[in-house]
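Tertiary structure, described
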Amino acid sequence: MNTKKPMSLTGRVILGMVAGILTGFVIRTLFADNGFVDNYLVHGLFEVGGKIFIASLKMLVVPLVFVSLVCGTSSLKDLSTLGRMGGKTLGLYVGTTAVAITLALTMGTIFQPGAGADLAAATTFASTEAPSLGQVIVNMFPTNPINAMAQGNTLQIIVFAILFGIAISAAGKPGERIAAVFADLNEVIMKLVALLMHIAPYGVFFLMAKLFTGLGIEAIFNLAAYFAVLAGTLLIHGFVTYGLMLKGFTGLNPFTFFKKMEDAVMFAFSTASSNATIPVTMETAKNRMGVDNKVASFTVPLGATINMDGTAIMQGVATVFIAQAFNVDLSMTDYLTVILTATLASIGTAGVPGVGLIMLAMVLNQVGLPLEGIALIMGVDRLLDMIRTAVNITGDSVVTIIVGKSEGAFDQTRFEDPKAGEKEEKVHLSHAQ
Ligand code: ASP
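Just so we're clear, the structure is a prediction, and the values are computed from it rather than from any experiment. (Residues numbered from 1 in each chain as written. Predicted model: local features only at pLDDT ≥ 70, side-chain atom pairs only at ≥ 80, totals over all residues. Heavy atoms only, no water.)

A short note on the overall build of the protein chain
For the protein chain, the helix and strand inventory stands at 19 helices and 0 strands. Over its C-alpha atoms the protein chain spans a radius of gyration of 22 Å, differing by no more than 12% from the 22 Å that the globule rule assigns to 433 residues. Dimensions of the protein chain along its principal axes, counting C-alpha atoms only, are 70 × 60 × 45 Å. Looking at the 433 residues of the protein chain, the share that counts as buried comes to 53%. Considering only contacts in the protein chain between residues 6 or more positions apart, those separated by 24 or more positions represent 84%. About 19300 Å² of surface is accessible on the protein chain, with carbon and sulfur atoms providing 66% of the total. Taken together, the 26 basic and 28 acidic charged side chains of the protein chain have centroids lying 10 Å from each other. (Helix = DSSP H or I, 4+ residues; strand = E, 2+ residues; numbered from the N terminus. Rg over C-alpha atoms; globule rule 2.2 N^0.38 Å. Buried < 20%, exposed > 50% of the residue type's maximum accessible area, 1.4 Å probe, protein only. Contact = heavy atoms within 4.5 Å. Areas by Shrake-Rupley, 256 points an atom, 1.4 Å probe, with all protein chains shown as cover. Lys, Arg positive; Asp, Glu negative; His and termini not counted. Charge placed at Lys NZ, Arg CZ, Asp CG, Glu CD.)

Observations regarding the UniProt feature "transmembrane region" (unreviewed entry) in the protein chain
The UniProt feature table records "transmembrane region" (unreviewed entry) at residues 12-32, 52-70, 90-111, 154-171, 192-217, 223-244, 302-323 and 335-352. End C-alpha to end C-alpha, residues 12-32 measures 28 Å, and it is 90% helix and 0% strand. Taken as a whole, residues 154-171 contains 94% helix and 0% strand, while its terminal C-alpha atoms sit 25 Å from one another. (UniProt positions renumbered as here; feature names shortened; annotations may be inferred.)

Focus: the nonpolar core
Counting 126 residues, the largest nonpolar core has M208, Y226, L230, F257, L360 and I401 as its most contacted members. For this core, the element with the highest residue contribution is helix α2 (residues 35-74), accounting for 13 residues. Discounting chain neighbours no more than four positions away, the residues touching M208 are M17, G20, I21, S270 and M386. (Core = buried A, V, L, I, M, F, W, Y, C linked by side-chain atoms within 4.5 Å.)

Brief notes about the site of the ligand
Around the ligand lies a shell of 16 residues, among which S274, T311, G356, D385 and R388 are the nearest. T311 has a polar side-chain atom sitting 2.6 Å from an oxygen atom of the ligand. In a pocket analysis with a 2 Å cut-off to the grid points, the ligand is assigned to the largest cavity. Among the secondary structure elements, those contributing two or more residues to the shell around the ligand are α15 (355-366) and α17 (381-406). With 4 residues, the top contributor of residues to the shell around the ligand is α17. Considering only residue class, the shell around the ligand consists of 6 nonpolar, 8 polar and 2 charged. (Near = heavy atom within 4 Å. Polar contact = N/O pair within 3.5 Å; in protein donor to acceptor, adjacent residues only side chain to side chain. 1 Å grid on protein atoms, 1.4 Å probe; cavity = no way out; pocket = protein on both sides within 12 Å on 5 of 7 lines; lining within 4 Å. Sits in = over half its atoms within 2 Å of the grid points. Nonpolar A, V, L, I, M, F, W, Y, C, P; charged D, E, K, R; others polar.)

Some details on the packing of helix α3 (residues 79-111) against helix α14 (residues 332-348)
Two elements in contact, α3 and α14, have axes whose closest approach is 9 Å; the angle formed by their N-to-C orientations is 130°. With respect to their mutual orientation, α3 and α14 come out oblique. Seen from above, α3 lies across α14 with right-handed handedness. Where α3 approaches α14, its residues V94, T97, A98, I101, T102, L105 and T109 are matched on the opposing element by Y335, V338, I339, A342, T343, S346 and I347. Looking at side-chain class alone, the contact of α3 with α14 contains 9 nonpolar, 5 polar and no charged residues. (Axes fitted to C-alpha atoms, helices over the stretch in contact; angles between N-to-C directions. Parallel < 35°, antiparallel > 145°, perpendicular 65-115°, else oblique. Left-handed = near helix turned anticlockwise from the far one by under 90°.)

Here's the deal with the pattern of salt bridges
Counted according to the given criterion, the structure contains 8 salt bridges. A salt bridge links R288 to D263; the nearest nitrogen and oxygen atoms lie 3.0 Å apart. Residue R288 is located in helix α11 (residues 274-288), and its partner D263 is located in helix α10 (residues 254-271); the two are separated by 25 residues in the primary sequence. Residue R288 shares its accessibility class with D263, and that shared class is buried. (Salt bridge = Lys/Arg side-chain N within 4 Å of Asp/Glu carboxyl O.)

Some thoughts on the packing of aromatic side chains
Within this structure, the stated rule accounts for 15 aromatic pairs. Consider the rings of F36 and Y40, whose centres lie 5.0 Å apart with planes at 40°: the pair is tilted. Of the two residues, F36 and Y40 both sit in helix α2, 4 residues apart, roughly one turn of that helix. For F36, a relative accessible area of 57% corresponds to the exposed category. With relative accessibility at 55%, the residue Y40 sits in the exposed group. Put simply, the rings of F66, F160, F164 and F182 touch in pairs and so form one group of aromatic residues. (Phe/Tyr/Trp six-rings, centres within 6.5 Å; stacked < 30°, edge-to-face > 60°.)

Concerning a nonpolar patch on the surface
On the surface, L235, I236, F239, V240 and L244 cluster together into a nonpolar patch covering about 470 Å² of accessible area. Here V240 falls in the partly exposed class, since its relative accessible area comes to 44%. (Patch = residues over 30% accessible without salt bridge, like charges linked within 9 Å, V, L, I, M, F, W, Y side chains within 5 Å.)

Considerations on the packing of helix α9 (residues 224-250) against α17
For the pair α9 and α17, the least separation of the axes is 10 Å and the interaxial angle reads 10°. Between α9 and α17, the crossing angle belongs to the class labelled roughly parallel. Contact with α9, carried on its side by Y226, F227, L230, A231, L234, H237, Y242, M245, L246, F249 and T250, involves L383, L384, I387, R388, V391, T394, G395, V398, I401, I402 and K405 of α17 and no other residues of that element. The residue inventory of the contact of α9 with α17, partitioned by class, reads 16 nonpolar, 4 polar and 2 charged.

Below, the structure is given as structure tokens:
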């Protein structure tokens, strides 16, 4: 008889991650030039497995965001609730980002990561044009909702889903019937998420193994000061700012919160994409933390798209670093410009790997710093991208709880129950046979 307790999902994902990182290192050191390992493992099994995992996460995003947000909005009793909730959410998202970037600039100025940096490594960097704020706003409105879904444009999907949900609640009996269908669909999609989480440990293993086989760890030594200041600031913001915010606004225990964030943080870390992590962040917010769907379905996808504190921190530290490395003095006005532009740039940054670095061009342009600076830090960006994505989604979750609690859409007993959400995680496939 097998009396061993099965390992929790978190435990299995951690195992997958650690095994993947170790495998990557072993291959890198022992089988660097081995054609077989390279063709069949690294660019074969690992690459294919990792890509399938990311694809399946992304596959869930559009239906999940649409269905849960329609459910959420159609259950709101009146429009003023939506307006109030939207106002609070946006205010907190922008506010936390401004705090993040100010912290980043302060840390960069104190620790001077770019003083004496070797610029020989700089190569040219081709920047892409950053969209204007007006364009960002116009782009939120879909001309064709099906097209918005086909392209996975989260902001446009959010706008359409909110309008659709409002129409459902205004449509009387027919609206109620449609709302019931969406409620059922929502259950089914959450099961799909749970199903996917079961294969997550393998997906995470493949992603990590492939990444760490090719990751230029040496680059970190050359940019050690930049790496350390940025990673340190990200951690301070992730734990201290969010911990204090949670305690201050809600009185809840930050440790319980961080413990429950484990899965979502690991997904964000291994995928480096807030967007791909939406299904897990949403599951965590609803089932583990106890935030009602009507809040979480709105704040989580919106946050994954516009709230990027980690990215803003990177942009702040990077700007200071590049200015120091190129011996450019930044004035007070420059600092304020950086705060404003980095906040906007992080709003405009899509929640996918690496985009934050491209949006950095917008910030550097504003204060007249050379874009070649981006090439300087590119080598270490992937690892930092993983950390900042984890911070990005932690920020979304804190705001989700604060808004949920203030709207009376929060179940504190569930938040305090360490086992909450485990039931939802289990999937029985007996019907599928
Ligand atoms: N990878 C980040 C995210 O998805 C965005 C970025 O900073 O590049 O949240």
